[in-house]
Amino acid sequence: MATTKKKGKKEELEFKRESGWIRIDNKTKRDIFAFSESYKKFINHCKIEREVVEYIKTEAVKSGFKNIKEARKLKKGDKVFYEVNSKSIYLAVIGEPKLKVVISHVDSPRLDLKPFPIIEDALSGLSLLKTHYYGGIKKYQWVNIPLAIHGVIITKKGKISVSLGDEDDDKTFVISDLLPHLAQKQMEKTGKEIIEGENLSIIFGNMPIKDKGVKANILKILNEEYKIKEENFVSAELEVVPAFKAKDVGLDKSMIGAYGHDDRSCSFALLSAILKANNSKETAVALFVDKEEIGSEGNTSAQSAHFINFIELINEKAKWNKRTNELLTSGEAISADVTSAFDPIYQDVFDKHNASYLSRGVSIEKYNGSGGKYYGNDANAEFLFKIIDLANKNKIIWQSGEIGKIDIGGGGTVAVFLSKLGFEVVDAGIPVLGMHSPYEVISKLDLYSAYQLYKVFLNGK
Ligand code: MN
Ligand code: MN
């Protein structure tokens, strides 16, 4: 459809619904592709929250961030970090006592190992690893795909980092599904039951020791090659994640397929933004939190008192002499979490007038929640306008939408937790196709526009 010459308000909005790819110049396109290459390296390297936090800390230290607990006093321009149990990390660039916060999460849906994961089926001669899924997954998506195991095992001698089964390893792991030839009964089940949680068990070995069995051999290998005993699994944190590498998607390479875009695409955009923060009028803060996918519970989550402690440490060491509540209630925040992208195959679940689309830019969303906005954040109109105005002034490609049709479902983000503390908060994130699946898809353009928005927001531009 042709656009009319006279641009009234309606045409203006229609314009925003055009693909971002035809609204950018060649230089921006090159920048987007270069940014996406760094992102792919990051996402290949960071399969679990601990690896994301380690990566962020390394990059932050390289850029001059120091551990706030070791700083005696802080002045404008100082850069600090605060780490919680290797699973969440906060960064800040000190300016005036006015908080500008962007928060993303670093955990993704996955399968965790159970405390006693190793079992043996004597009849089949197979050793299996039992799992307990974490977050909202469609269980049937996790069978018969290559899987990797990442995490930590704590022993008396210290912490052992585990990273096994990825594409560049010579071994991998897999959960077996039933062959279609014998699946007549299984195929009659509902999607929820077709693969049961207790059946998400990973094939781990098949070579027995004579008279001792296959588990004995697995334990022997674990002991000899990795110095791990069976009891070490009880306290370990081992996560089963897809083994795939990130790749460009589409013949035009406009998209990226990877495990964990939710919410590591926003985390990467945010990290890139805070590393470039230079704002003396305000204090730029980037929060990378854990446990969002299971409701933000626990001391590594967005609801943790560690965040308040971090703000109090800044207040104290920068000699701001402000009350904590004054700092929180005068703060502004963006909740940087992914949103659903309109899927042409499943159009029915979206309100097409209020959906977010791939390649139309970062999606700035007023509210979320489900069943009538329950448990959601609903940004105040004045603040939402301010963020949209900021995007427009800086020529950032953005769109707006909501997750899907009202009565069908919904979802929330960590925005609610900051808004409860008094912050003005709005959601702004990257649209994802196939969210929570082992291989999610995003647009390179949306990834870059999210980075641009977080950067101008943190810089107070
Ligand atoms: Mn998320
Ligand atoms: Mn999620």
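Residues numbered from 1 in each chain as written. Chains lettered and ligands numbered in written order. Predicted model: local features only at pLDDT ≥ 70, side-chain atom pairs only at ≥ 80, totals over all residues. Heavy atoms only, no water.

Across its full length, the protein holds 12 helices and 23 strands. A compact globule built from 461 residues should have a C-alpha radius of gyration of about 23 Å, and the protein, at 23 Å, falls within 12% of that. Structurally, the protein occupies a C-alpha span of about 80 × 60 × 40 Å along its principal axes. Counting only residues that meet the buried cut, the protein has 51% of its 461 residues in that class. (Helix = DSSP H or I, 4+ residues; strand = E, 2+ residues; numbered from the N terminus. Rg over C-alpha atoms; globule rule 2.2 N^0.38 Å. Buried < 20%, exposed > 50% of the residue type's maximum accessible area, 1.4 Å probe, protein only.)

In this section: the coordination of the manganese ion (ligand 2). Protein ligation of the manganese ion (ligand 2) involves Asp262 (OD), Glu293 (OE), Glu293 (OE) and His436 (NE2), the donor distances falling in the range 2.0 to 2.6 Å. In primary-sequence terms, the residues that donate to the manganese ion (ligand 2) follow D-x30-E-x142-H. The distance between the manganese ion (ligand 2) and the manganese ion (ligand 1) comes to 3.3 Å, with Asp262 serving as a donor to both metals. Separated by 31 residues along the polypeptide, Asp262 in helix H7 (residues 261-274) and Glu293 in the loop between strand E14 (283-289) and helix H8 (305-317) bring together distant segments of the chain. Accessibility expressed as a relative area gives 3% for Asp262, which makes it buried. (Donors = N, O, S within 2.8 Å, 3.2 Å for Na, K, Ca; no water.)

Our focus in this paragraph is helix H12 (residues 444-458). Two residues of an α-helix separated by three or four positions point the same way, owing to the 3.6 residues in each turn. Spanning 15 residues, H12 covers 21 Å between terminal C-alpha atoms, matching the ideal 21 Å at 1.5 Å per step. Among the residues of H12, the N-terminal cap falls to Ser443, whose side-chain oxygen and the backbone nitrogen of Leu445 are separated by 3.0 Å. Following H12 by one or two positions, Gly460 has its phi on the positive side, about 60°. (Expected span 1.5 Å × (residues − 1). Polar contact = N/O pair within 3.5 Å; in protein donor to acceptor, adjacent residues only side chain to side chain.)

Positive charge collects at one region of the surface, where Lys156, Lys157, Lys227 and Lys229 lie side by side. By the secondary structure assignment, Lys156 is in the loop between strand E7 (147-155) and strand E8 (158-164). Looking at Lys156, the relative accessible area reads 91%, which means it is exposed. (Patch = residues over 30% accessible without salt bridge, like charges linked within 9 Å, V, L, I, M, F, W, Y side chains within 5 Å. Areas by Shrake-Rupley, 256 points an atom, 1.4 Å probe, with all protein chains shown as cover. Salt bridge = Lys/Arg side-chain N within 4 Å of Asp/Glu carboxyl O. Lys, Arg positive; Asp, Glu negative; His and termini not counted. Charge placed at Lys NZ, Arg CZ, Asp CG, Glu CD.)

Below, the discussion takes up the packing of aromatic side chains. Between two aromatic rings, the relevant description is the distance of the centres plus the angle of the planes. All told, the structure shown has 20 aromatic pairs when counted by the stated rule. Relative to Phe33, the ring of Trp21 has its centre 5.9 Å away and its plane inclined at 55°; by these criteria the two rings are tilted. Taken as a pair, Trp21 in the loop between helix H1 (9-16) and helix H2 (26-45) and Phe33 in helix H2 lie far apart in primary sequence, 12 residues in all. The exposure class assigned to Trp21 is partly exposed, which follows from its relative accessible area of 21%. You can call Phe33 partly exposed: its relative accessible area is 24%. Between the aromatic rings of Phe342 and Phe350, the centroid separation amounts to 5.3 Å while the plane-to-plane angle is 55°, which identifies the pairing as tilted. We note that Phe342, like Phe350, is buried. (Phe/Tyr/Trp six-rings, centres within 6.5 Å; stacked < 30°, edge-to-face > 60°.)

Attention now moves to the environment of Gly460. Residue position: Gly460 is located in the segment after H12. Its relative accessible area of 41% is what places Gly460 among the partly exposed residues. Here the alpha-carbon distance between Gly460 and Gly422, two residues 38 residues apart in the chain, equals 19 Å. Sequence-distant contacts of Gly460, defined by excluding residues within four places in its chain, comprise Lys100, Asn279 and Glu282. (Contact = heavy atoms within 4.5 Å.)

A word on the domain arrangement of the protein. Reports of interface size often rely on the accessible area that becomes lost once the parts have come together. Along its sequence, the protein is organised into domain 1 (3-108 + 259-458) and domain 2 (110-242). Here the C-alpha centre of domain 2 lies 34 Å away from the C-alpha centre of domain 1. Counting each side, the surface lost to burial between domain 1 and domain 2 is near 1,400 Å², with a carbon and sulfur contribution of 49%. For Lys47, the salt bridge identified is with Asp166, shortest N-O distance 2.6 Å. Applying the counting criterion to the domain 1 and domain 2 interface returns 9 residue pairs in polar contact (both at pLDDT 80 or more). Residues that form the side of domain 1 that touches domain 2 fall into these classes: 4 nonpolar, 4 polar and 10 charged. (Domains from an automatic or database assignment. Buried area = accessible area lost by both parts, 1.4 Å probe. Nonpolar A, V, L, I, M, F, W, Y, C, P; charged D, E, K, R; others polar.)

Turning our attention to the nonpolar core. Ranked by internal contacts, the top residues of the largest apolar core, which has 60 residues, are Leu91, Ile274, Phe288, Ile364, Leu453 and Tyr454. A per-element tally of this core places H12 first, with 10 residues. In this structure Phe288 touches Ile56, Ser88, Ile89, Leu91, Ser104, Val106, Ser267, Leu270 and Leu271, once residues within four positions along its chain are discounted. Counting residues in each nonpolar core, the second largest holds 33 residues, with Ile94, Leu99, Phe307 and Val425 among its members. (Core = buried A, V, L, I, M, F, W, Y, C linked by side-chain atoms within 4.5 Å.)

Okay, unusual backbone geometry next. For the bond from Asp262 to Asp263, the omega torsion is 5°, close enough to zero to count as cis. Although it is not a glycine, Asn85 adopts a positive phi angle of roughly 50°. Take Asn85: it is sitting in the loop between strand E2 (79-84) and strand E3 (88-93). Exposure remark for Asn85: the relative accessible area of 45% places this residue in the partly exposed category. Its identity is not glycine, yet Lys291 carries a phi of approximately 65°, on the positive side.

Throughout the structure, instances matching the rule amount to 30 salt bridges. Here Lys100 and Glu332 are joined by a salt bridge, their closest N and O atoms 3.9 Å apart. A residue pair is termed long-range when its members are at least 10 positions apart, and Lys100 in strand E4 (residues 99-105) and Glu332 in strand E15 (residues 332-335) qualify at 232 residues. Comparing Lys100 with Glu332, the two get one shared label, buried. The residue Lys386 makes a salt bridge to Glu332 at a minimum N-O spacing of 2.5 Å.

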